[in-house]
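# Structure assessment
Letter by letter, the chains look like this.
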Amino acid sequence: MTMLEQINQDLSQLNDQQLQQVAVFIAKLKPFPQQEKRLSDFYGALPATQPYPGKEAIRQSIADHLTQKYHLTES
């Protein structure tokens, strides 16, 4: 039996007053606030497999890839 099935079974055994108390309790619960992480928070999380070539080299690599993919001519 899954946890959800167990909860449904337990709730079905409660009377109206008990269900109301459960509803009030659930309404008082506050979810944990989701903190948005900045990209800089992930710095160093994964090992580098190759050295960073620099912005210009990456831009040129992307331009070359898009040129080949869409059969464009550079002008």
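Here goes a summary of the coordinates provided. (Residues numbered from 1 in each chain as written. Predicted model: local features only at pLDDT ≥ 70, side-chain atom pairs only at ≥ 80, totals over all residues. Heavy atoms only, no water.)

## Points about helix α3 (residues 55-69)
End to end, α3 covers 21 Å across 15 residues, agreeing with the expected 21 Å (1.5 Å per residue, within 8%). Just beyond α3, the residue with positive phi is His71, at close to 55°. (Helix = DSSP H or I, 4+ residues; strand = E, 2+ residues; numbered from the N terminus. Expected span 1.5 Å × (residues − 1).)

## Things to note about unusual backbone geometry
Among all residues save glycine, negative phi is the norm, and among peptide bonds the norm is trans. Despite not being glycine, His71 shows a phi value in the positive range, around 55°. Here His71 is to be found in the segment after α3. Judged by relative accessible area, His71 falls into the exposed class, the value being 71%. (Buried < 20%, exposed > 50% of the residue type's maximum accessible area, 1.4 Å probe, protein only.)

## Remarks on the pattern of salt bridges
The final tally for this structure, using the stated rule, is 2 salt bridges. Note that Asp41 is salt-bridged to Arg38, the shortest N-O span being 4.0 Å. By relative accessible area, Asp41 is classed as partly exposed at 45%. The partner of Glu56 in a salt bridge is Arg59, and the shortest N-O contact between them spans 3.2 Å. Highlighted residues: Glu56 and Arg59, both in helix α3, separated by 3 residues, approximately one helical turn. (Salt bridge = Lys/Arg side-chain N within 4 Å of Asp/Glu carboxyl O.)

Honestly, that's just the spatial picture; any functional story needs more than this.
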